[in-house]
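Observations on chain architecture
Now for the letters of each chain:
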Amino acid sequence: QVQLVESGGGLVQAGGSLRLSCVASTPTFSIYDMGWFRQAPGKEREFVATIRWSGGSTSYADSVKGRFTISRDNAKNTVYLQMNSLKPEDTAVYYCAAKRMGISGYNLWGQGTQVTVSS
């Protein structure tokens, strides 16, 4: 079973930056599409960003476009989420997710990392 471990969350002031990391425990990391999702208190989990297994295609939620960047390093089994110009509404638990290429729907999830943005 593939395990995903996130890190990099914390408390930051509005306008600041954080970089989240997610390490996957699989030697076949390069065949997984990876994504980041988030869940704010009292709200449903929502999509943030995704990157295809090849790293050549990314997509973002409208709310984070131009501020967040997803990337991956297949040699390190790691996916990153660089978050700039953070806003209080970005406060949430951020989850890393994975799915094998060609499969619809993310079926592997990390435990989450808390991001808190103060105003």
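Conventions and cut-offs
- Residues numbered from 1 in each chain as written.
- Predicted model: local features only at pLDDT ≥ 70, side-chain atom pairs only at ≥ 80, totals over all residues.
- Heavy atoms only, no water.
- Helix = DSSP H or I, 4+ residues; strand = E, 2+ residues; numbered from the N terminus.
- Buried < 20%, exposed > 50% of the residue type's maximum accessible area, 1.4 Å probe, protein only.
- Core = buried A, V, L, I, M, F, W, Y, C linked by side-chain atoms within 4.5 Å.
- Contact = heavy atoms within 4.5 Å.
- Pairing = 2+ DSSP bridges.
- Salt bridge = Lys/Arg side-chain N within 4 Å of Asp/Glu carboxyl O.

1. Concerning the environment of Glu-44
- The topology assignment puts Glu-44 in the loop between strand 4 (32–39) and strand 5 (46–51).
- Since its relative accessible area comes to 71%, Glu-44 is described here as exposed.

2. Here's the deal with the nonpolar core
- The biggest cluster of nonpolar side chains holds 30 residues, and the ones touching the most others in it are Leu-4, Met-34, Trp-36, Val-79, Leu-81, Met-83 and Tyr-94.
- Elements supplying a minimum of two residues to this core: strand 3 (18–24), strand 4, strand 5, strand 7 (68–73), strand 8 (78–83), strand 9 (92–100) and strand 11 (113–118).
- Those residues in contact with Tyr-94 that lie beyond four places of it in its chain are Glu-6, Leu-20, Trp-36, Phe-37, Arg-38, Val-48, Phe-68, Leu-81, Met-83, Gly-112, Thr-113 and Val-115.

3. Section: the pairing of strand 7
- In strand 7, alternate side chains face the same way, and those of Phe-68, Ile-70 and Arg-72 are buried while those of Thr-69, Ser-71 and Asp-73 on the opposite face are not.
- Across six bridges, the pairing between strand 7 and strand 8 is antiparallel. Considered in strand 8, the bridge of Ile-70 is made with Leu-81.
- Connecting strand 7 to the antiparallel partner strand 8 that follows it, the hairpin turn spans four residues, and Asn-77 within it adopts a positive phi of roughly 55 degrees.

4. Focus on the pattern of salt bridges
- In total, this model carries six salt bridges according to the counting rule given.
- Of the charged contacts, one joins Asp-33 and Lys-99 as a salt bridge, the two residues approaching to 2.9 Å between their closest N and O atoms. Highlighted residues: Asp-33 in strand 4 and Lys-99 in strand 9, separated in sequence by 66 residues. With respect to burial, Asp-33 and Lys-99 carry one shared label: buried.
- Taken together, the salt bridges that share partners define one network made up of Arg-38, Glu-46, Arg-67 and Asp-90.

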